Amino acid sequence: MNSERRKFLHGAALLGGGLFASRSMADTQHEQHTQPAKKPGTPTKPTRPGKPLESFQPTDVLTPVLTPDVPNLPFKVENGVKVFHLIAEPVRRQLLPFKTMEVWGYNRSCPGPTIQANQGDRVRIVFDNHLPESTTIHWHGLEVPIDMDGVPYVSQKPVPPGGRYIYEFTLHQEGTYFYHSHGAMQEMMGMIGMFILHPKGAYLPRVDHDFGIILQGWAILPNNSVPNTANMEFNWLTFNGVSAPATTPLLVRLGSRARIRIVNLGMDHHPIHLHGHQFFITGTEGGRAPESTWYPTNTVLVGVAQARDIEFDAKYPGDWMLHCHLPHHMMNSMSDLLSDRMITTAATNEPQARSQLQAMAESIGVAHLHHAPIAANASDVPGFPQDAFMEMGMDEAVAKPEAYGLPENWSAAMMGMMTMVRILPPEKYDEIMALKREGVKGKPADSPAPQHPHGSGK
Ligand SMILES: [Cu+2]
């Protein structure tokens, strides 16, 4: 056992926790949520139901859906009714190590926690509004009575700040649905969550892995943290409320079958592309699609307000990208990092570039950046610099068990609306799942320590 490996395992022992106690960035976010200002006459905040959100997994479904970086909403059963408690509230969401948004969400999470229930269930959603303005919840795609439809003034009175509304209905459908505020600007503040209806009998062919991803775009001006919901240029792009490389990779066992459910609520449609595998579109926001409609593809356009389920056999081992293919969605707002500087005025020889990148790293709180080399005559070449100049590896800042064993500087290739589908040989899959259970903050222990200079340019 090499010393890196030993250090890693030592860290594992120190950090070991409960079954789902992985200390990911998402968990930290739960601790960061802000309490809304208490006003006189505001009802006492109800106690949160059940266990901490991070530790809850639904037990009465065949293959629970995993929504990386977003918890599940716990429930309790009362007289045969599944009772959920959903709280609309302001949330601080760290989407990258150096970028935090002040957004609105539910139960300390943005997007809101995932609701998972079974076809045929009767559900009651006790909804409390801890926002400073009124809101309602619309159950997108669910066939519910009109007074449960969540449109303010039309199907119900708005729920005022401090108010409560009880939603209750029977779920006769199956598939991928979602809930959201029915105010356009509240939607753009992040008020959405996934609502999974598991079918009475498993879909065939059965899958071994089932993931959920919510696509969102944010208009956040440089040096701001609150999305400008009236702005029409969206410069920050997230999967489940985080941007690559902070997105938690999806772990898939080689030889298994995987489903990924993708929901879009934003101002752009997103062509989501998977590397290295073909998939079938097996469901939409209307539920399971008949097999006669399936066709092989590798890019699925997920329009606003749509859900798309994709399925594939994980045949090829490797760390495969899953990302929106719009070029501007494969990055985030660089102007935010450069503040008032335009990219074309950046330093254009390698020592200056290194120095500038290191200065940028320090300014955004990333301890160490890796740098790709540039040519001696780079500044003479029209078009320079482009994104290889701007690479910002931050492996250490986004380390987590799911990223364990990735090549050094992997995070430099990950930006914007992007994650990784890691198709792992069984032994490697089991090893990482064990690290996850132990709550290890993973680092690529089997790669060498970085040897290159940084921050030394003049
Ligand atoms: Cu996109």
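Only a predicted model underlies this, so the values are computations on that prediction, with no experimental measurement involved.

> Would you mind going over the overall build of the protein chain in detail, with residue names and values included?
Across its full length, the protein chain holds six helices and 21 strands. Buried residues in the protein chain amount to 54% of all 458 residues. If you take every contact in the protein chain between residues at least 6 apart in sequence, the share linking residues at least 24 apart comes to 75%. Total accessible area on the protein chain stands at roughly 19200 Å², and carbon and sulfur atoms take up 57% of it.

> Describe the pattern of salt bridges, listing the residues and the values that go with them.
Taken as a whole and judged by the stated rule, the model has 17 salt bridges. A salt bridge links R124 to E168; the nearest nitrogen and oxygen atoms lie 2.6 Å apart. Here the residue R124 occupies a position in strand β5 (residues 122–129), and E168 occupies one in strand β7 (residues 164–170), the gap between them amounting to 44 residues. Where salt bridges share partners, they join D210, R257, R259, R261, R288, E311 and D313 into one cluster.

> Outline the environment of R93, listing residues and values.
Assignment of secondary structure puts R93 in strand β2 (residues 81–96). Along the chain, R93 and V103 lie ten residues apart, while their C-alpha atoms are 6.9 Å from each other.

> Give a description of the sheet that holds strand β20 (residues 318–324) that names residues and reports values.
Strand-to-strand pairing in sheets goes through backbone hydrogen bonds, with the strands running parallel or antiparallel. Taken in spatial order, the five strands of this open sheet run β12-β21-β20-β14-β18, and their pairing is mixed. Taken across any chain shown, the strands that pair with only one partner, and hence form the sheet edges, are β12 (250–253) and β18 (299–302). If you compare each strand with its neighbour and ignore which way they point, the axes differ by 20° on average. The pairing of β12 with strand β21 (residues 418–424) spans four bridges and is classified as parallel. When the sheet's bridge partners are listed, L250 is paired in β21 with V421.

> Give a detailed account of the coordination of the copper ion, specifying residues and quantitative values.
Geometrically, a metal with four donors at the corners of a regular tetrahedron has ideal angles of 109.5 degrees, and one with six donors at the corners of a regular octahedron has ideal angles of 90 or 180 degrees. Summarising the metal site, the copper ion is bound by the protein donors H270 (ND1), C324 (SG) and H329 (ND1), whose distances to it range over 2.0 Å. Along the chain, the residues donating to the copper ion fall in the pattern H-x53-C-x4-H. Of this pair, H270 sits in strand β14 (residues 270–274) while C324 sits in strand β20; the two residues are 54 residues apart in sequence, bridging distant segments of the chain. The same class applies to H270 and to C324, which are both buried.

> Any details on the sheet that holds strand β8 (residues 175–181)? Residues and values, ideally.
On the basis of which strands lie adjacent, the open sheet formed by four strands has the order β4-β9-β8-β6 and mixed pairing. Each edge of the sheet is formed by a strand with only one pairing partner; in this case those strands are β4 (112–118) and β6 (137–140). Sheet twist, expressed as the mean angle between neighbouring strand axes with direction ignored, is 20°. Bridging between β4 and strand β9 (residues 192–198) involves five bridges; their strand directions are parallel. What sits directly across from A117, in β9, is L197.

> Talk me through the pairing of β14; I want residue IDs and the actual numbers.
The buried count for β14 comes to five of five residues, which makes it a mostly enclosed element. Taking every second residue as pointing to the same face, both faces of β14 are buried, with H270, I272 and L274 on one and P271 and H273 on the other. Pairing geometry for β14 and β20, over three bridges, is antiparallel. Paired with H273 across the bridge in β20 is H323.

> Residues and numbers for the packing of aromatic side chains, please.
Taken as a whole and assessed by the stated rule, the structure comprises nine aromatic pairs. Taking the centre distance of 6.0 Å and the plane angle of 50° together, the rings of W139 and Y179 count as tilted. Highlighted residues: W139 in strand β6 and Y179 in strand β8, separated in sequence by 40 residues. Both residues of the pair, W139 and Y179, belong to the buried class. By the ring-pair criterion, three or more aromatic residues cluster together here, those being Y106, F127, W139, Y165, Y167, F169, Y179 and F195.

> Can you break down the environment of M418 residue by residue, with the values?
Relative to the helices and strands, M418 resides in strand β21. Overall, M418 belongs to the buried group, its relative accessible area being 3%. Sequence spacing of M418 and H323 is 95 residues, and the spatial spacing of their C-alpha atoms is 4.1 Å. Those residues within four positions of M418 in sequence are excluded, and the remaining contacts are F239, A244, T247, M321, L322, H323, M330 and A413.

> How would you sum up the confidence of the model for the protein chain? Please name residues and give values.
Of all residues in the protein chain, 77% have pLDDT values of 70 or greater, and the mean over the chain is 82. Counted against residues more than four places away or in other chains, residues 1–52, with its pLDDT under 50, gives 83 contacts.

> Run through the pairing of β9, naming residues and quoting values.
Most of β9 sits out of view: seven of its seven residues are buried. With burial as the criterion, each face of β9 is covered, one bearing I192, M194, I196 and H198 and the other bearing G193, F195 and L197. Relative to β9, β8 is paired through six bridges, and the arrangement is antiparallel. Counterpart to T176 in the pairing with β9 is I196.

> Talk me through helix α6 (residues 426–438); I want residue IDs and the actual numbers.
Between its terminal C-alpha atoms α6 stretches 18 Å, which fits the 18 Å expected from 13 residues at 1.5 Å a residue. Taken as a whole, α6 has its buried residues at Y429, I432 and L435. Along the long axis of α6, the arc covered by the buried residues comes to 125°, so they all point the same way.

> Any chance you could break down the nonpolar core for me, citing the residues and the numbers?
By size, the foremost hydrophobic cluster in this structure holds 27 residues, and its most contacted members are L86, I125, W139, L142, F169 and F195. The set of elements that each furnish at least two residues to this core consists of β2, β3 (99–106), β4, β5, β6, β7, β8 and β9. Setting aside chain neighbours within four positions, we find I125 in contact with F84, L86, W139, Y165, I166, Y167, F169 and F195. By size, the runner-up hydrophobic cluster in this structure holds 25 residues, among which are F98, A246, L406 and M418.

> Could you give an account of the side chain of R308, with specific residues and numbers?
Residue position: R308 is located in strand β19 (residues 307–313). Looking at R308, its side chain comes within polar contact range of the side chain of Q306, at 3.4 Å. Excluding residues that lie within four positions of it along the chain, R308 makes contacts with I260, R261, I262, I281, G283, T284, E285, V300, L301 and V302.

Each value, and the rule that gives it
- Residues numbered from 1 in each chain as written.
- Predicted model: local features only at pLDDT ≥ 70, side-chain atom pairs only at ≥ 80, totals over all residues.
- Heavy atoms only, no water.
- Helix = DSSP H or I, 4+ residues; strand = E, 2+ residues; numbered from the N terminus.
- Buried < 20%, exposed > 50% of the residue type's maximum accessible area, 1.4 Å probe, protein only.
- Contact = heavy atoms within 4.5 Å.
- Areas by Shrake-Rupley, 256 points an atom, 1.4 Å probe, with all protein chains shown as cover.
- Salt bridge = Lys/Arg side-chain N within 4 Å of Asp/Glu carboxyl O.
- Pairing = 2+ DSSP bridges.
- Axes fitted to C-alpha atoms, helices over the stretch in contact; angles between N-to-C directions.
- Donors = N, O, S within 2.8 Å, 3.2 Å for Na, K, Ca; no water.
- Phe/Tyr/Trp six-rings, centres within 6.5 Å; stacked < 30°, edge-to-face > 60°.
- pLDDT = per-residue confidence, 0-100.
- Expected span 1.5 Å × (residues − 1).
- Arc of directions from axis to C-beta.
- Core = buried A, V, L, I, M, F, W, Y, C linked by side-chain atoms within 4.5 Å.
- Polar contact = N/O pair within 3.5 Å; in protein donor to acceptor, adjacent residues only side chain to side chain.

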